[in-house]
Structures are given as C-alpha cells and as structure tokens.
Amino acid sequence: MDITLILIIVAVLFVTLAAILKRYRRCPSDKILVIYGKTGKNASGSISSARCIHGGAAFIWPVFQDYAFLDLKPISIECNLTNALSKQNIRVDVPCRFTVGISTDPENMTNAAERLLGLSVDSIQSIATDILFGQLRLVIATMDIEEINADRDKFLANVSTNVEAELRKIGLKLINVNVTDIRDESGYIEALGKEAAAKAINDAKKSVAEQNRFGEIGKAEADRDKDIRIAETTRDTRIKTAEANALAVEGENSSKIAIANSDALRREKEAEAARVAVAAEKVQAAKALQEAYQSERDAELARAEREKATQQANIVVPAEIEKQRLIIEAEAEAEKLRRTAKGEADAIFAKMDAQARGTLEILTKQADGFGKLVEAAGGDAREAITMLISDKLPELVKTQVEAVKGIKIDKVTVWDGNGAGKDGKSSTAGFISGLMGSVPPLQDLFKMAGLDLPSYLKGKDAPEEQEAAPAEKEG
C-alpha cells in the first residue's frame, strides 16, 4: 500500500513537472516571444496588452496566458514609384528596394505585437508597401531634381527619416534603402547627364593641354638647370681657391688674436677680481646698515604695538564695557516699562471687567426685581410702574420743595390799590400762589412719564377732571 502511494505521488509530480516544463517557453534569437492575456501593468502604470521577450525565456501560465512568435527575418519590398511629382513639378520615376523588419526596441515590439501578431508575411509586406509609397512621394515632393539625382545621401537620409518614423508606429524598422535609377518623363535628368559628360570631356581636354604645357616648361627648366650647374661648378672652383688662401691668412690672424685674447682675458680677470672685492666690501657694509635699520624698525613696531595695546586697554576696553552697561541698562529699563505697562493694562482690564460684572449684576437684579414686581401687580406692567413711582413719592415731593427752597427773597413789595383781588385774595397771597404754581405738580410729572396719578393723590379737582374726561370722549 505504501509503495502504491509513493508511485502515485511520483507520477503526479512527474506530470506536474512535465506540464510546467511544457509551459516554459524559450525565445529564439530570430523571433520575438509575445505573451498575451493577463500580463499585468507596464512601466507607465496602465494595463499592458502584451509582454514581448527577445532572446530569453518565460513561464506561460495556463488558462490565464497564451503566447505566439513574431518572425524577425528581413522583408524585401520593391517600390517602383512612377509619376511622382517633385518640388519643380517635374514627374519622375524612382525605382527603390526597401528592406524592413520587426524592431526589437521595447516600445516598437509592443506596437508590432498589437498590430502585426497573427499576420502573414504577405500581409505585413502589403501594409509596409503602402506606407513606403506614401512617404517616398512625400520626400520627392520636397526636393529638387538636382538634389535627388546628385545628392543621393541627402535623398536617402530624408527617405529613411520619414519612412522609419511611420514604420515604428506598426512595430517595423527600416534596415536598408537602395535606389537603382531615377528617370523623368521630360528628359531633364538625361540632359543633366549629357551636361555632366560634356563637362567631363572638356575637363579631360583641358588636363591634356595642361600636361603638354607642363612638358615644355619642364624641358626649358632642365636646360636652365644644366647651365646653372656648369656655372656653379666654375664658381665652386674659384671659391675653394680663395678659401685656401683665406685659411692661411686666417691661421696667422688666429694666432695673433689668441695672444691678444689671452692678454685681455688676464686683464679682465684682474679687473673682475678687483670689482668683486670692492663689491663684496660694499655689500657687507650695506647688509650691516640694513640689519641695523631692520632692528630699529622692529623696535619701533614693537613700541607701536605696545602703545596700541595700552590705548586699547585704557580707552577702547572701558568704552566697550560702558557701551555694554548702557545697553543692558536700556534693555532693563525697557523691560521694566513693558512690565509696568502690562501691569497697568491688566489692572485697567480687571477694573473695567469688575465694573462691567457689577453693572451686569445690578441690571440683572433690577430686572429680576421688576419681574417679581410685575408678577405681584398681576402681570400689569403699568401698575408695577405706578407702584415704583409711588415708592419714590417722598423723593419727588422733596424735589419739588427743593426747587423753591434755595430761593432767597430779601424784600418783596406788593402794590395793591384796593386791598383785595379776585376770589378775595390779596396781591401778596396771589404772588405766593403764583410762585408755588411755578413748581410742576405731581400730576404733570406723572403725565410726562406717560402715567396717570391715582385719584386719591389728585385732590379736590380730581372728580371734576373725571367728569370732564367722559364729556371729551363723547364730543
């Protein structure tokens, strides 16, 4: 039983390993392995439609992924373009042969996987042919006949630039361009060829004439060189004879010169020795003076440094200390003023806050008391106000009395002809009554406050006023 289980496990492992190995695909060097299905995200973060591998291997997940190959073999396309309009409006025939292939650039491989996967070579060749014809016509339309015919490098560079930019969009790249011949229907290129041939023939004739001229000139130059060589030989002979004589004289003169030079050299050496001795004495004297001056200079510099240090210690340092003291005192005074101002501001704020709280408390208590007073008056605010004013009657009466209390009358003279006035009152009594009448009565004070004085405080005239009131309402 155990052996059977082991064999089953081994068989399962073998089948699993075989399946894994079968799904592990290697990519040949002449192909591109395209893995499609669930391939994850690309470098830009978007969902990748396919993953392309060139020259490697990858594991293909069953069910989730599948694969295919793109062939990298070059494709030769013949483009015999006819009646293409050039920049000079001359129609030309440009037979070309292009060699293209699928690009191995990562971005271009993705384009090829998206647009060429599953297509046959003929289909790819047909798509590329359409692109090549269009771009070739576009390049010819931007160039002159002379540029197309003479400057082939520029023509091929323009074709490569335009064609390759379009081929990259479908994942292809341009490998080679070969232009066999260029013809035009008007014979312009043929005329250019004849012109070039005639120019070449004329240049050849000119070259032959120039070579013949160079031959005549060379012969004349050879004869002249021969005569010059003969003359030079004669001259050399005479020169050598003169040189021999000169050498003899030169030998005698050299010996005399050597003797004179020896004497001059001796005198020169003696003069030089004397000059060196005198110069050495002067140099030593100058050095002695220089050392003395240097010593004096060093002493003066040392004294100046000492004086500078003394002045620094006596003047600058105390001034700096005084400056720092004044700065510290100013900062301390400023800090004191800031703290005093802050304390005063805090005290004012506390005082105003306390006053506001007291006023608020008084007004709150008064409002509470007035509310209770209105409640005691049965909810009638006018009755409550009447009660308040009644409570203040003694003060109001006192106020009326005070109005005439301070009047000082030293002397009053009353002129009365008959001794009696209206209603039996004398002039003196009328004066006193008028004086008291100038004081506002309680009824007027109540009316000014918008209230009515109770009848028991109005006096004897109250019933008359009560009777007059209904009459006014009826009228």
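Residues numbered from 1 in each chain as written. Predicted model: local features only at pLDDT ≥ 70, side-chain atom pairs only at ≥ 80, totals over all residues. Heavy atoms only, no water.

Undergrad: Quick one: what's the story with the sheet that holds strand β3 (residues 50-53), residue by residue and with numbers?
TA: The pairing of strands in a sheet happens through backbone hydrogen bonds and is either parallel or antiparallel. Spatially, three strands are ordered β3-β2-β5 in an open sheet, and the strand pairing comes out antiparallel. Bordering the open sheet on either side are β3 and β5 (65-71), each of which pairs with just one other strand. Looking at each pair of strands side by side, their axes are set apart by 25 degrees on average, direction ignored. Direction of pairing for strand β2 (residues 31-37) relative to β5: antiparallel, over a ladder of seven bridges. Counterpart to Lys31 in the pairing with β5 is Asp71. (Pairing = 2+ DSSP bridges. Helix = DSSP H or I, 4+ residues; strand = E, 2+ residues; numbered from the N terminus. Axes fitted to C-alpha atoms, helices over the stretch in contact; angles between N-to-C directions.)

Undergrad: Which residues make up the side chain of Thr99, and what are the values?
TA: The topology assignment puts Thr99 in strand β7 (residues 91-102). In this structure Thr99 comes out as buried when scored by relative accessible area, which is 19%. Excluding residues within four positions of it along the chain, Thr99 makes contact with Pro74, Ile75, Lys173, Leu174, Ile175 and Asn176. (Buried < 20%, exposed > 50% of the residue type's maximum accessible area, 1.4 Å probe, protein only. Contact = heavy atoms within 4.5 Å.)

Undergrad: Describe the pattern of salt bridges, and please don't skip the residues or the numbers.
TA: Considering all chains together, one arrives at 15 salt bridges under this definition. Note that Glu166 is salt-bridged to Lys169, the shortest N-O span being 3.4 Å. Residues Arg306 and Glu307 are paired through a salt bridge, measuring 3.7 Å at the closest nitrogen-oxygen approach. Under the relative-accessibility criterion, Glu307 is labelled partly exposed at 34%. Taken together, the salt bridges that share partners define one network made up of Glu322, Arg325 and Glu329. (Salt bridge = Lys/Arg side-chain N within 4 Å of Asp/Glu carboxyl O.)

Undergrad: Hey, could you go over the packing of aromatic side chains for me, with residue numbers and the actual values?
TA: Enumeration over the complete set of coordinates arrives at one aromatic pair. Here the aromatic rings of Tyr67 and Phe69 are separated by 5.9 Å at their centres, their planes lie at 80 degrees, and the arrangement is edge-to-face. Judged by relative accessible area, which is 32%, Phe69 ranks as partly exposed. (Phe/Tyr/Trp six-rings, centres within 6.5 Å; stacked < 30°, edge-to-face > 60°.)

Undergrad: Tell me what's going on with the confidence of the model for the protein, and back it up with residues and numbers.
TA: Predicted confidence across the protein gives a mean pLDDT of 76, with 77% of residues reaching 70 or more. Helix α12 (residues 462-474) is the least confidently modelled element of the protein, averaging 45 in pLDDT, while helix α3 (residues 121-141) averages 88, the highest of any element. A low-confidence stretch, residues 462-475 (pLDDT under 50), is modelled with three contacts involving residues beyond four sequence positions or located in other chains. (pLDDT = per-residue confidence, 0-100.)

Undergrad: If you had to explain the side chain of Ser103 to someone new, which residues and values would you point to?
TA: Within the secondary structure, Ser103 sits in the loop between β7 and α2 (106-115). At a separation of 3.2 Å, a polar atom in the side chain of Ser103 contacts the main-chain amide nitrogen of Asp105. Beyond its immediate sequence surroundings of up to four residues, Ser103 is in contact with Ile32, Asn108, Met109, Gly171, Leu172 and Lys173. (Polar contact = N/O pair within 3.5 Å; in protein donor to acceptor, adjacent residues only side chain to side chain.)

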